[in-house]
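# Observations on the three-dimensional arrangement
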Number of protein chains: 2
Amino acid sequence: MSDPCRAKRVASSEATNDETGTAGQSNRRQNNRRDDVLAAAARLIARQGYDGTSMRDIAAETGMLPGSLYYHFVSKEELFVAVHAEAVASINRAVDAAIATQSEPWARLEAAVAAHLAALVETTDTVAIVSPNFPDGSAALNARLIAERDAYERKFAGLVEALDLPECVDKGLFRLMLLGATNWTPVWYRPGGRHGPAEIAGAFLDMLRSRCAV
Amino acid sequence: MSDPCRAKRVASSEATNDETGTAGQSNRRQNNRRDDVLAAAARLIARQGYDGTSMRDIAAETGMLPGSLYYHFVSKEELFVAVHAEAVASINRAVDAAIATQSEPWARLEAAVAAHLAALVETTDTVAIVSPNFPDGSAALNARLIAERDAYERKFAGLVEALDLPECVDKGLFRLMLLGATNWTPVWYRPGGRHGPAEIAGAFLDMLRSRCAV
DNA sequence: TGGTTAACCAAACAGTCGTTTGGTAAAGTA
DNA sequence: TACTTTACCAAACGACTGTTTGGTTAACCA
């Protein structure tokens with residue numbers, strides 16, 4: 001089921017230093033291909049999933065040998081954690097930029113959803129982070145990934161909180177329904193289809209806005 | 001990535017007889033454990049995913065040896081197809097039974113969503129079929145799985161069609177939003193939480209009903 | 001009662017997986 | 001210039017993967 005060496009290695013990595021940060025503290029040398037590995041891993045995992053992407057695949061995509069990846073990342077799981085963190089940061093920046101262009105609460109939420117959805121369906125080099133396709137490994141790993149997404153989720157909770165919804169609407173379920181529908185969109189979305197991310201986000205919010213508008 | 005023998009075996013199985021049907025045409029003998037294998041596979045795949053479940057896991061759960069599974073199924077993929085078909089049939093029956101208890105269009109849709117959601121979060125022995133966690137294998141396989149779900153999806157399209165929605169609402173996006181939010185629910189659902197499947201389904205539909213009610 | 005076949009067991013095969021180990025050329029530092 | 005560290009390469013290790021092959025036992029049929 002799982003390899004027996006992982007626990008030891010993960011523990012030792014946590015004891016020494018945290019390599020999971022989005023950017024290495026300092027690129028010690030000019031030709032450091034850590035970022036190349038990260039980009040290749042993100043691209044492949046986004047396309048094939050975690051289990052469907054081997055360390056040999058990532059190494060070949062980067063032009064390295066499999067063992068060389070372990071100079072930069074102590075394990076495949078830690079590599080995925082780094083990819084996950086970078087993807088969360090990236091989608092966070094995109095959503096923040098979109099929110100900043102609007103002032104009205106509903107418009108801000110719509111811009112956020114549109115940016116979120118665009119990141120999910122348009123970027124091939126960024127993992128669909130919201131996806132529950134993370135490795136089925138330890139509970140500790142899942143806790144780390146979920147914690148990384150918490151701040152992102154709270155951002156949407158804040159946008160919903162600003163909406164002035166009637167009391168009969170559960171704001172938690174409102175957010176879960178909107179984000180759920182959005183996160184599921186990549187399942188049926190087709191790039192050449194009739195609706196783009198912005199239109200879909202607009203339609204989703206239109207269907208929810210009715211009760212509360214004006 | 002993929003094994004070289006699969007194509008040959010799948011082809012030969014399609015040439016001889018179709019083992020993917022929901023029920024074997026006739027249980028040749030009394031103690032035929034094909035159904036046990038199917039149930040064990042469904043239970044394990046629902047919990048660990050397709051890649052996370054090995055043939056040895058399924059065999060051990062059934063009390064058989066790994067090789068013996070190949071008497072009943074020509075490959076792991078074909079076994080999953082059978083599990084998928086059974087799960088689709090099961091959820092179809094549950095939704096049909098729920099619909100039959102209601103007559104008003106909105107009530108029928110709500111009953112269908114509630115039954116759909118209950119099947120997703122409450123049954124541990126049935127794979128979350130709607131999940132995009134199917135094997136990342138061949139396009140032909142994916143086409144078969146999607147075709148199996150088409151009739152099921154059309155059922156919801158029919159329920160939405162009966163709703164008498166205003167013209168400004170795209171009925172396709174209405175259905176995709178509702179089912180997307182529902183299919184995503186298992187990601188955040190906690191069995192001991194505040195809301196059960198029926199309440200969640202009711203809340204989802206309340207948030208969509210407002211514009212169109214009366 | 002003899003033969004056929006369904007339903008397995010026992011054991012292996014070839015490949016892939018994540019990972020480790022030991023070495024090495026180049027860059028940085030003194 | 002000597003020494004250290006960085007960033008790899010080359011090659012393997014052991015575990016696990018889906019799958020195959022050949023044998024075996026009990027149920028069925030004539």
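All values reported here derive from a predicted model rather than from experimental measurement.

## Here's the deal with the overall build of chain A
The helix and strand inventory of chain A stands at 9 helices and 0 strands. When the helices and strands of chain A are listed from N to C terminus, the series reads α-α-α-α-α-α-α-α-α. When burial is assessed residue by residue, chain A has 46% of its 214 residues classed as buried. Summarising the internal contacts of chain A: among those between residues at least 6 apart in sequence, 67% fall at separations of at least 24.

## A word on the packing of aromatic side chains
Two measures describe an aromatic ring pair: the distance that separates the ring centres and the angle between the ring planes. For the structure on display, the rule yields 6 aromatic pairs over all chains. For the ring pair tryptophan 106 of chain A and phenylalanine 174 of chain A, a centre distance of 6.2 Å and an interplane angle of 80° mean the geometry is edge-to-face. Of this pair, tryptophan 106 of chain A sits in helix H6 (residues 105–122) while phenylalanine 174 of chain A sits in helix H8 (residues 171–188), and the two are 68 residues apart along the sequence. Residues tryptophan 106 of chain A and phenylalanine 174 of chain A agree in their burial class; the two are buried. Ring centres of tyrosine 152 of chain B and phenylalanine 156 of chain B lie 5.4 Å apart, and the angle between their planes is 70°; on these two criteria the pair is classed as edge-to-face. With a gap of 4 residues between them, tyrosine 152 of chain B and phenylalanine 156 of chain B both fall in helix H7 (residues 139–161), about one helical turn apart.

## Structural notes on the nonpolar core
Formed by 72 residues in total, the largest nonpolar core has its most connected members in Leu109 and Phe174 of chain A together with Leu109 and Phe174 of chain B. Among the elements that make up this core, the one with the highest residue count is H6 of chain A (11 residues). Those residues in contact with leucine 109 of chain A, other than ones at most four positions away along the chain, are Phe156, Leu159, Val160, Leu163, Phe174, Leu178 and Leu205 of chain A.

## Brief notes about the packing of H6 of chain A against H8 of chain A
Residue and element names in this part refer to chain A. Running from amino to carboxyl end, H6 crosses H8 at an angle of 30°, the nearest separation of the two axes being 8 Å. The angle between H6 and H8 falls in the class roughly parallel. Where H6 crosses over H8, the two elements pack in a sense that is right-handed. Here H6 contributes Trp106, Leu109, Val113, His116, Leu117, Leu120 and Val121 to the contact with H8, which in turn contributes Phe174, Leu178, Leu179, Thr182, Asn183, Thr185 and Pro186. Of the residues that constitute the contact of H6 with H8, the class distribution is 10 nonpolar, 4 polar and no charged.

## Considerations on the confidence of the model for chain A
Residues and elements named next belong to chain A. Looking at chain A as a whole, the pLDDT averages 82, with 78% of positions reaching at least 70. Across chain A, element-level confidence peaks in helix H3 (residues 55–62) with a mean pLDDT of 98 and bottoms out in helix H1 (residues 6–16) with 31. When the criterion is pLDDT under 50, residues 1–27 qualifies, and its contacts beyond four places in sequence or with other chains add up to 23 contacts.

## Some thoughts on the environment of tyrosine 50 of chain A
Residues and elements named next belong to chain A. Position of tyrosine 50 among the secondary structure elements: in the loop between helix H2 (34–48) and H3. Residue classification places tyrosine 50 among the buried positions, given a relative accessible area of 9%. For the pair formed by tyrosine 50 and glutamate 77, sequence separation is 27 residues and the distance between their alpha carbons is 9.2 Å. A polar side-chain atom of tyrosine 50 sits 3.5 Å from the main-chain amide nitrogen of glutamate 77.

## Some remarks on the pattern of salt bridges
For the coordinates displayed, the defined rule picks out 16 salt bridges over all chains. Residues lysine 155 of chain B and aspartate 96 of chain B are paired through a salt bridge, measuring 2.8 Å at the closest nitrogen-oxygen approach. In this pair, lysine 155 of chain B sits in helix H7 while aspartate 96 of chain B sits in helix H5 (residues 76–100), placing the two residues 59 residues apart along the sequence. Beyond isolated ion pairs, a larger network of salt bridges with shared partners links Glu110, Asp206 and Arg209 of chain A.

## With respect to H5 of chain B
For H5 of chain B, which comprises 25 residues, the first-to-last C-alpha distance of 36 Å matches the rise-based estimate of 36 Å (1.5 Å per residue) to within 8%. Most of H5 of chain B sits inside the fold, with 18 of its 25 residues counted as buried.

## Notes on helix H9 (residues 197–209) of chain A
Here H9 of chain A contains 13 residues, and its C-alpha end-to-end distance of 18 Å stays within 8% of the 18 Å for a straight helix at 1.5 Å per residue. With 10 of its 13 residues buried, H9 of chain A lies for the most part within the structure. Within H9 of chain A, burial applies to Pro197, Ile200, Ala201, Gly202, Ala203, Phe204, Leu205, Met207, Leu208 and Arg209 of chain A. Of the surrounding elements, those touching the buried residues of H9 of chain A are H6 and H8 of chain A together with helix H8 (171–188) and helix H9 (197–209) of chain B.

## Structural notes on the environment of methionine 177 of chain B
With respect to the helices and strands, methionine 177 of chain B occurs in helix H8. Judged by relative accessible area, which is 0%, methionine 177 of chain B ranks as buried. Along the sequence, methionine 177 of chain B and proline 166 of chain B sit 11 residues apart, while their C-alpha atoms lie 16 Å from each other. Setting aside its immediate chain neighbours within four residues, methionine 177 of chain B contacts Ala181, Phe204, Met207 and Leu208 of chain A together with Leu208 of chain B.

How each quantity is defined
Every chain is numbered on its own, with residues counted from 1 as its sequence reads. Key to labels: chains lettered from A, ligands numbered from 1, both in the order written. The predicted origin of the model limits local features to residues at a pLDDT of at least 70 and limits the giving and counting of side-chain atom pairs to 80 or more, whereas totals for whole chains, interfaces and linings rest on all residues. Only hydrogens and water are set aside when side-chain values are computed; all heavy atoms of the structure are taken into account. Helix and strand labels come from DSSP, where a helix needs a run of H or I of at least four residues and a strand needs a run of E of at least two; each type is numbered from the N terminus. Note on exposure labels: buried denotes an accessible area under 20% of the residue type's maximum, exposed denotes more than 50%, and partly exposed covers the range between, all computed with a 1.4 Å probe on protein chains only. Contact criterion: two residues are considered in contact whenever any of their non-hydrogen atoms come within 4.5 Å of each other. Under the pairing criterion, centres of Phe, Tyr and Trp rings, with the six-membered ring standing for Trp, must be within 6.5 Å; the plane angle then separates stacked pairs below 30 degrees from edge-to-face pairs above 60, leaving the rest tilted. The set of buried Ala, Val, Leu, Ile, Met, Phe, Trp, Tyr and Cys residues whose side-chain atoms join them within 4.5 Å is what this entry labels a nonpolar core. Axes, fitted as lines to C-alpha atoms, cover a helix only where it is in contact. Angles between the N-to-C directions of the axes lie from 0 to 180 degrees. Note that the term roughly parallel is reserved for angles under 35 degrees, roughly antiparallel for angles over 145, roughly perpendicular for angles of 65 to 115, and oblique for everything else. It is the rotation of the near helix from the far one that decides the hand of a crossing: anticlockwise by less than a right angle makes it left-handed, clockwise makes it right-handed. Under the convention adopted here, Pro, Cys and the residues Ala, Val, Leu, Ile, Met, Phe, Trp and Tyr are nonpolar, Asp, Glu, Lys and Arg are charged, and Gly plus all remaining residues are polar. Confidence scores labelled pLDDT are given residue by residue by the predictor and lie between 0 and 100. Polar contacts here mean pairs of N or O atoms no more than 3.5 Å apart (in protein, one a potential hydrogen donor and the other a potential acceptor; neighbouring residues in sequence count only if both atoms are side-chain atoms). We define a salt bridge as a contact between a side-chain nitrogen of Lys or Arg and a carboxyl oxygen of Asp or Glu at a distance within 4 Å. Here the expected span of a helix is defined as 1.5 Å times the quantity of residues minus one.

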